[in-house]
Amino acid sequence: MQEHLQRLVVVSIAFVIASSLTLGLVFPLQSMLLSGSKLEIGLLFLPHGVRILAFHFFGWKAILYLMSTSYLFWLLSNHAGSELHVLSPVVSMIACYVGYKIATLLPLPVSGDLTPNLWKFLVLAGAISSFANGVALSVLQHQGAELMSVLGYLVGDVMGLLVCFLMLMYAFRWARLVGSANKA
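Residues numbered from 1 in each chain as written. Predicted model: local features only at pLDDT ≥ 70, side-chain atom pairs only at ≥ 80, totals over all residues. Heavy atoms only, no water.

Colleague: I'd like to hear about the environment of leucine 151, residue by residue, with values.
Modeller: Mapping leucine 151 onto the fold places it in helix H6 (residues 147-183). You can call leucine 151 partly exposed: its relative accessible area is 39%. Between the C-alpha atom of leucine 151 and that of phenylalanine 131, which follows or precedes it by 20 residues, the distance is 7.9 Å. (Helix = DSSP H or I, 4+ residues; strand = E, 2+ residues; numbered from the N terminus. Buried < 20%, exposed > 50% of the residue type's maximum accessible area, 1.4 Å probe, protein only.)

Printed below as a string of structure tokens:
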């Protein structure tokens, strides 16, 4: 039980940080620079990277770990002017998980450690998850899969995934530098 609580806390903190950056920085910049864009579709959606990593490490249980903070993000997004459906977090989590599972069925060489093959797989899994998410949310929001909506989700999720991974890469490098400096 304690293990699940620890996972919930770690995933929630990561999702809250990614969501905060998205709501506090990305969405305001997006609305300033692209005044005609919808806030439902972020052009840089950082929480998607957290979702993909959570699915990779925790499987279907990641849906449970992510649901509370997904609803918090939904609530804050709607307060900020977005008009997301109340079922959006549930639909999004399930669609992303299904997309991730589809990616695991592809015949790709994947090892468990952090190798370049794993990063490539995670980006591909993120793109497939994003496509599934875009179709599901587009159907939920517009009662049909609108091509521009699906493409918007795909671009925002994949770009957010890449930026999230880049931020994590530099955070881990910084942590290693600090760790090695403390040893010296």
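Colleague: Go over the side chain of serine 70, please, and point to the residues and values.
Modeller: In this fold, serine 70 is placed in helix H3 (residues 61-79). Sequence-distant contacts of serine 70, that is, excluding residues within four places in its chain, are made with Phe15, Pro89 and Met93. (Contact = heavy atoms within 4.5 Å.)

Colleague: Describe the layout of surface pockets, listing the residues and the values that go with them.
Modeller: Think of a ball as big as a water molecule: rolled over the atoms, this probe shows where empty space is left. In this structure, the largest pocket encloses a volume near 630 Å³. Breaking the lining of the largest pocket down by element, the ones donating at least two residues are helix H1 (2-33), helix H2 (47-58) and H6. Class assignment for the residues of the lining of the largest pocket results in 20 nonpolar, no polar and 2 charged. (1 Å grid on protein atoms, 1.4 Å probe; cavity = no way out; pocket = protein on both sides within 12 Å on 5 of 7 lines; lining within 4 Å. Points joined across faces, edges and corners; volume = space filled by probe spheres on them. Nonpolar A, V, L, I, M, F, W, Y, C, P; charged D, E, K, R; others polar.)

Colleague: Can you explain the packing of H2 against helix H4 (residues 88-104)? Please cite residues and give values.
Modeller: At a minimum axis separation of 10 Å, H2 and H4 run at an interaxial angle of 55°. What the angle tells us is that H2 and H4 run oblique. By crossing handedness, the relation of H2 to H4 is classed as right-handed. From H2, His48, Arg51, Ile52, Phe55 and His56 reach across to H4, where they touch Ser92, Met93, Cys96, Tyr97 and Tyr100. (Axes fitted to C-alpha atoms, helices over the stretch in contact; angles between N-to-C directions. Parallel < 35°, antiparallel > 145°, perpendicular 65-115°, else oblique. Left-handed = near helix turned anticlockwise from the far one by under 90°.)

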